Amino acid sequence: MRLAADAHRSQTRKGTDIPYITHPCAVAMILLRAGFNDDQLLAAALLHDVVEDTDFTKDELRTQFPPRVCELVAAMTERKLDSQGQKRPWRIRKQEHLEHLRYASSEILALALADKLHNLSTIQFDLSTGVNVWGRFNAPRDELLGYYRAVAELVDLDSTDDSRVLQLADEVRRLLDAIVKSH
């Protein structure tokens, strides 16, 4: 948690003044609430955005954490820039992430679902207070919500029998349905 808090120290959640560290902490809490209490998975939840969204590198991560934590973080890390240092299109990055998740372990799916669940819960909360959140994102509303639904639907394609993962996917779908119906 200390490393994640330090790495994200100058960041806030998109379009807000909420410290970014609240997100990885919430993802870890969602996993705990769902019955995941493995220390390495919870460490990965806290660290899941440090390589993608900060200057912290995979090599630095490897020097401080066990291989499994690094593998879990790597599974959540998108390649945001192309070889020329230009930001890659949102749609391509999400398609690649979905393809990777299609063959992911139940733990990686749980981590991805907890991430989406927290993002959706903050969207729902902000919408309920009258905040127009859709301009915060790098994709239109329907594409963003479609991507989140596609992550949840991967669980149906997965052969997991882990009821905790299935429960997280159901929660994501319920939140998506509530957001679509009300906004």
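Structure first, text after, so check above.
Residues numbered from 1 in each chain as written. Predicted model: local features only at pLDDT ≥ 70, side-chain atom pairs only at ≥ 80, totals over all residues. Heavy atoms only, no water.

Student: Would you take a moment to explain the overall build of the protein chain for this structure?
Tutor: For the protein chain, the count of helices and strands is ten helices and zero strands. Ordered by position from N to C terminus, the α and β elements of the protein chain give α-α-α-α-α-α-α-α-α-α. Against the compact-globule benchmark of 16 Å for 183 residues, the protein chain has a radius of gyration of 16 Å, which places it among compact chains. Over its C-alpha atoms, taken along the principal directions, the protein chain stretches across nearly 45 × 40 × 30 Å. For the protein chain, buried positions account for 47% of its 183 residues. In the protein chain, of all internal contacts separated by at least 6 residues, the share reaching a separation of at least 24 is 67%. Working note: accessible area of the protein chain is about 9600 Å², and carbon and sulfur atoms make up 52% of it. Computed over 24 positive and 28 negative side-chain charges, the inter-centroid distance for the protein chain is 4 Å. (Helix = DSSP H or I, 4+ residues; strand = E, 2+ residues; numbered from the N terminus. Rg over C-alpha atoms; globule rule 2.2 N^0.38 Å. Buried < 20%, exposed > 50% of the residue type's maximum accessible area, 1.4 Å probe, protein only. Contact = heavy atoms within 4.5 Å. Areas by Shrake-Rupley, 256 points an atom, 1.4 Å probe, with all protein chains shown as cover. Lys, Arg positive; Asp, Glu negative; His and termini not counted. Charge placed at Lys NZ, Arg CZ, Asp CG, Glu CD.)

Student: Just to check I follow, could you spell out the nonpolar core for this structure?
Tutor: Burial of nonpolar side chains together is a common tendency in soluble globular proteins. Formed by 60 residues in total, the largest nonpolar core has its most connected members in Leu-31, Leu-111, Leu-113, Ile-123, Trp-134 and Leu-168. The element that contributes the greatest number of residues to this core is helix H8 (residues 106-128), accounting for eleven residues. With near-sequence residues (within four places) excluded, Ile-123 lies in contact with Val-133, Trp-134, Phe-137, Leu-144, Tyr-148 and Ile-179. (Core = buried A, V, L, I, M, F, W, Y, C linked by side-chain atoms within 4.5 Å.)

Student: Which parts of the structure should I look at to understand the packing of H8 against helix H10 (residues 163-182)?
Tutor: Relative orientation and spacing of two packed helices are given, respectively, by the angle between their axes and the distance between those axes. Where H8 contacts H10, the two axes come as close as 9 Å, and the packing angle between them is 25°. With respect to H10, the axis of H8 lies roughly parallel. Crossing handedness for the pair H8 and H10: left-handed. Counting all contacts with H8, which are made through Ser-106, Leu-109, Ala-110, Leu-113, Lys-116, Leu-117, Leu-120, Ser-121, Ile-123, Gln-124 and Leu-127, the residues of H10 involved are Val-165, Leu-168, Ala-169, Glu-171, Val-172, Leu-175, Leu-176, Ala-178 and Ile-179. A breakdown of the residues in the contact of H8 with H10 according to their chemical character gives 15 nonpolar, three polar and two charged. (Axes fitted to C-alpha atoms, helices over the stretch in contact; angles between N-to-C directions. Parallel < 35°, antiparallel > 145°, perpendicular 65-115°, else oblique. Left-handed = near helix turned anticlockwise from the far one by under 90°. Nonpolar A, V, L, I, M, F, W, Y, C, P; charged D, E, K, R; others polar.)

Student: Where do I start with the environment of His-48 in this structure?
Tutor: Looking at where His-48 falls in the secondary structure, it is placed in the loop between helix H3 (39-47) and helix H4 (50-53). Along the sequence, His-48 and Arg-9 sit 39 residues apart, while their C-alpha atoms lie 15 Å from each other. Beyond its immediate stretch of four places on either side in the chain, His-48 contacts His-23, Pro-24, Val-27, Val-73, Met-76, Thr-77 and Asp-115. Among the polar contacts listed, one links the side chain of His-48 to the backbone oxygen of Ala-45, at a separation of 2.6 Å. (Polar contact = N/O pair within 3.5 Å; in protein donor to acceptor, adjacent residues only side chain to side chain.)

Student: What is the right way to read H8 from this model?
Tutor: An α-helical turn contains 3.6 residues, so a residue and the one three or four places further along point in the same direction. Helix length check: H8 (23 residues) gives 32 Å between terminal C-alpha atoms against 33 Å at 1.5 Å per residue, within 8%. Positive phi appears at Gly-130, one or two residues downstream of H8, with a value of about 90°. (Expected span 1.5 Å × (residues − 1).)

Student: I tried to follow the pattern of salt bridges on my own but got confused; where do I start?
Tutor: Should the charged atoms of two oppositely charged side chains come close, the side chains can pair. On inspection of all chains with the given rule, the structure shows 19 salt bridges. As a salt-bridge pair, Glu-52 and Lys-80 come within 4.0 Å of each other at their nearest N and O atoms. One end of the pair, Glu-52, is in helix H4; the other, Lys-80, is in the loop between helix H6 (67-76) and helix H7 (90-102), and 28 residues separate them in sequence. The class of Lys-80 is partly exposed, set by a relative accessible area of 24%. The partner of Glu-96 in a salt bridge is Arg-88, with the nearest N and O atoms 2.4 Å apart. Its relative accessible area of 38% is what places Glu-96 among the partly exposed residues. Through salt bridges with shared partners, a single ionic network connects Asp-38, Arg-68 and Glu-107. (Salt bridge = Lys/Arg side-chain N within 4 Å of Asp/Glu carboxyl O.)

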